[in-house]
Structures are given as structure tokens and as C-alpha cells.
Amino acid sequence: MTKRGRSWRDRRRKAKQKEEGVLPASLMSRDDNVELMRWLRKNGFQETHLVLTDFPDTGRGVMATRNLKAGDCIVSLPENLLITTATVVNSHLGQFIKNWKPPLTPKQVLSLYLIAEKSRGKDSFWYPYLQTLPTSYTTPSYFSTAEVDALPPAVREATLQHRRVLQGSYKSLKASLHTLEPLFPDWKAVFTFKSYRWAWATVYTRSVYKRGPGWEFLDPSDPDVYALAPFLDMLNHSPSVQTDTDFNVNSKCYEVKTETACRKYSQVFINYDPYDNVRLLMEYGFVIPHNPHSVVTFTVDDLVACLAADRNDMSTSKNLLQKKRELLSQENLTEDLSCSAEGLSWRLQTALQVLCMDHDSICNWWIVLGQTSQNPDLWSAARLVAQRLISKKLEQHCSITQIAEKVLDPGSSLIGVFILMLLREDLHILEHSLKDLKSQTDDSIDK
Ligand SMILES: C[S@@+](CC[C@H](N)C(=O)[O-])C[C@H]1O[C@@H](n2cnc3c(N)ncnc32)[C@H](O)[C@@H]1O
């Protein structure tokens, strides 16, 4: 029998709880959470009707203890409980940050501060908060080699880029870490790449938007808009809710208002933004099943390759093709060429029709800006190319998914679960889009 890890057993238990309709487990009796709530209240956090809870499908989140209606302010966190660049500048680290060479970005400042405060243990004001933070994450810098290899090429590239940014960020600040020696005699052991990776992921996955004062000594290439917000950062994301989260300059509190009612004993979500699953995986380390914002994207080269597959197609002559490529980039039709559970995006349909035009009709290329029904012949040619495009992508995706299913063990890694979920969602989108195109073709033959 294969040995199953703790995360597998946890998920099994949660799945069983879900099947049995058992209430999710409250986390409020855990010492660290009791301490967190006590600390928050002592520092001006207003009582909420929310409790920390372990949910079967999302892990730790927040549950409503009464019905919440649209317009309710569900969290109000005073400014003194936010960690921003101002917190760091006004701390014992401030003078070091001001003199850092090369200048630090706001994300680097917050990451350094998190590591510094964590290393102070109970002496840190933030200790009750820091001890409730995850000790590791499921963002790209935590993917194993097998997990990176299992990704589709575009997502793999985004993962590697994410890692390069993190490594570059650590490398650039490393040169001046020794200046912290007066505060941290063991700075080499404290500010390691591993601790930086953790702090960086904490800032990435848990910050809310709050515009800072624009410190002249910070690198302006990264905007100063991040704030770590204890308790508020326990709220999970759902694409189907609407929330209004912002700093209220009158009350001097960071507030979350829900625009979506929530029933007592249900999980309270906020909406991070209308992100697709790739972006959620890259930035937050999770994916949403049936995410309405998920898309499979194509490049112009993908489209052209399918056009060229039809050797009789006059629309592929070299000069004409070049002209069409220029047209697409001039009209900003080279990006967001995608399909979703709703079918082909307007941009993909339009780009395909442009590519299917012949010499004579290309002068009037703008006719494709209307409905596809206005150019039935052109659209039926474009639809055939679209079918080839999607069949090809589906074939590639099937083999990527089959390999991933063999090499990834969702029983022992949550990252594996998310990667497989991402791949299967993409398969579903492609299958659905292909079916839709085929039935459109059948309908047009029947007419
Ligand atoms: C701001 S934190 C939310 C609280 C977090 N679940 C915790 O226990 O600390 C954001 C992280 O929560 C997780 N998360 C948020 N929404 C999720 C969802 N709908 N499903 C699964 N994980 C989610 C992801 O790991 C994400 O990086």
C-alpha cells in the first residue's frame, strides 16, 4: 500500500465531512487564534460576526456567525494594525531602509520587515499575527521540478519568470544585508533565501491595496500599494461575490463591505479580482473549480499554423499573410485570443476571420468587426480553422494532462492538486468549445 501523507489524510477527512454535511471545524479554540483575536481587540479591532474556520474545499477561511446582508461592513481594521512601508520606515529598520543601496522596492521593504519581526519571536508587537501565518505556500517558488515540468509551456514560462523575479529581488538586496549587522548580528542566518521566499509569498498572497506616501528613498519602479492586514487576510476568494474593500480616511480603518448576502454558518468570501486560474495559481497559489474567468489562450502563430495546414488555402501567401499580421497588430488583435466555457472570444473570432480573408476582401477587413452572422462564408472558413486550432490544442493538452496525472501525486502535494485541476479545467474548456464549433458547422450544413 502506498504511504499517504498528512495532507492527503486531511483532505480525505474534509471531503468526508463535506459528503456528510458536517459543519466545518471552527479554529477559534486554537491557542494561536485565541491570542490573535485578543491582540486584535486590544489594539482597536471591532467585534465581528466572523470566526476562523477550516473548510473542506478551501482550507482555512472565515465563517459568518449570523446572516450578512449586502452593504454590511464585515471587517474594520484600524490603521495601527496594518503593516505598510510606513510601519517599516517608522520602525528600528527605518534608517537602514532609507540608506539601502540600491534602493529597495516596497515589496522588498515589507519582506525584510516580516523576516526581521519573525526573528524577534515574542518580542515583536506582531507576534500574535505572525504566528498565524502559513509557514509555506503553494505559489510558483514552492513548486518542485516535477511540478514545473508538468505545466503547459506558457504556464511553465510564467512560473519560471515568477522565480526569476524572486531570485533577482533577493540577489539585489543581498549586497546590503550586512548593513543590518548592528541590529541582527546573525543576519546571515536570518535573512536567507528561504526566509525571503516565505516573506515574499506572504506579501504576494496576503496584501491588500493601500497607497503609500511615495517615499523618495524607495525604488519607484514598483508602486507602494501593499498593506498586510491581520484577520482581513483570512478571507478567501470567490469570483461570485462582490465586495468593497478600501481604506476609509474618515474612520482611519481598512474596511470590507460585502455586496453579496451570506447565510449564517457559510464561508464569507471576498473577490480578489476577476482573475483566471493561471493568474490565481501564479499569484496566490490556488485555482478555482469552474472559474468563470478561465480561458485558454492562443498566439497569432498558433492561428497561422492552423491556417497553413490547409495547403489549398490562398489566404496563406507570404505577402498577404504579412499584411494580415500587420493588420492584427495595428488593430490590437494579437492578444487575448482565447476561448472559455462560453466559446471563442470576440477577438479570436475576429482575428481568425481576418486571417481567412483573400486578397480582394482584405481591403474591406473591417467588415469582420460586426457579428459573424453578417459574413457567413467568411465565418464558416474561419470556423474550420478554429476547429483545427482547438483540436490541435486539445491533443497537446490531453497528452500534457496524461503525463501530469502519472507524475504528480495529488495525495501528497496540494500544488499537484491545483496543477491537475488547472489542466482538467482547460481540457473541459477546449472540449466544450470544439463541441460548440462542430454543432455550429452541422447547423450551417443543415440549413
Ligand atoms: C489572503 S489568504 C486567505 C486566507 C488563507 N486561506 C489562510 O488560511 O491564511 C490567500 C490565500 O488563501 C488561499 N485561498 C484563497 N481563496 C481560496 C479558494 N477559493 N480556494 C482555495 N484556496 C484559497 C490561497 O492559498 C491564497 O494564497
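Residues numbered from 1 in each chain as written. Predicted model: local features only at pLDDT ≥ 70, side-chain atom pairs only at ≥ 80, totals over all residues. Heavy atoms only, no water.

**Student:** Give a description of the domain arrangement of the protein that names residues and reports values.
**Tutor:** Here the protein is described as being made up of domain 1 (1–82 + 229–275), domain 2 (84–228) and domain 3 (296–446). Distance between the C-alpha centres of domain 2 and domain 3: 40 Å. Listed by partner, the interface residues are 11 residues for domain 2 and 13 residues for domain 3. Buried surface at the junction of domain 2 and domain 3, summed over both partners, amounts to about 830 Å²; 84% is from carbon and sulfur atoms. Applying the counting rule to domain 2 against domain 3 returns one residue pair in polar contact (both at pLDDT 80 or more). Secondary-structure elements contributing two or more residues to the side of domain 2 that touches domain 3 are helix H7 (145–149) and helix H8 (153–174). Here the residues of the side of domain 2 that touches domain 3 are counted per class, giving nine nonpolar, one polar and one charged. (Domains from an automatic or database assignment. Contact = heavy atoms within 4.5 Å. Buried area = accessible area lost by both parts, 1.4 Å probe. Polar contact = N/O pair within 3.5 Å; in protein donor to acceptor, adjacent residues only side chain to side chain. Helix = DSSP H or I, 4+ residues; strand = E, 2+ residues; numbered from the N terminus. Nonpolar A, V, L, I, M, F, W, Y, C, P; charged D, E, K, R; others polar.)

**Student:** So what about the state of the cysteines? Which residues, and what values?
**Tutor:** Under the counting rule described, the total for this entry stands at zero disulfides. The structure places no disulfide on Cys 306, whose sulfur is separated from the nearest cysteine sulfur, that of Cys 356, by 10 Å. Judged by relative accessible area, which is 4%, Cys 306 ranks as buried. Free cysteine: Cys 339, not disulfide-bonded; nearest cysteine sulfur from Cys 306 at 12 Å. (Disulfide = S-S within 2.5 Å. Buried < 20%, exposed > 50% of the residue type's maximum accessible area, 1.4 Å probe, protein only.)

**Student:** Which residues make up unusual backbone geometry, and what are the values?
**Tutor:** A cis amide bond, omega -10°, links Lys 101 with the succeeding residue Pro 102. If you trace the backbone, Pro 102 turns up in the loop between helix H4 (94–98) and helix H5 (106–119). Located in the positive-phi region is Lys 252, a residue other than glycine, with phi close to 55°. For Lys 252, a relative accessible area of 44% corresponds to the partly exposed category.

**Student:** Tell me about the pattern of salt bridges, and please be specific about residues and values.
**Tutor:** Here the structure, examined in full by the defined rule, presents 13 salt bridges. With its nearest N and O atoms 2.9 Å apart, the salt bridge here joins Arg 41 to Glu 47. Asp 301 is the partner of Arg 325 in a salt bridge, and the nearest nitrogen-oxygen pair spans 2.9 Å. Highlighted residues: Arg 325 in helix H13 (residues 318–330) and Asp 301 in helix H12 (residues 300–308), separated in sequence by 24 residues. Overall, Arg 325 belongs to the partly exposed group, its relative accessible area being 29%. In this structure Asp 301 comes out as partly exposed when scored by relative accessible area, which is 47%. Residues joined by salt bridges that share partners form a network here, namely Arg 66, Lys 69 and Asp 72. (Salt bridge = Lys/Arg side-chain N within 4 Å of Asp/Glu carboxyl O.)

**Student:** For the environment of Val 203, give the residues involved together with the corresponding values.
**Tutor:** For Val 203, the location among the structural elements is in helix H10 (residues 193–206). A relative accessible area of 2% places Val 203 in the buried class. Spatially, the C-alpha atom of Val 203 lies 18 Å from that of Lys 171, the residues being 32 residues apart in sequence.

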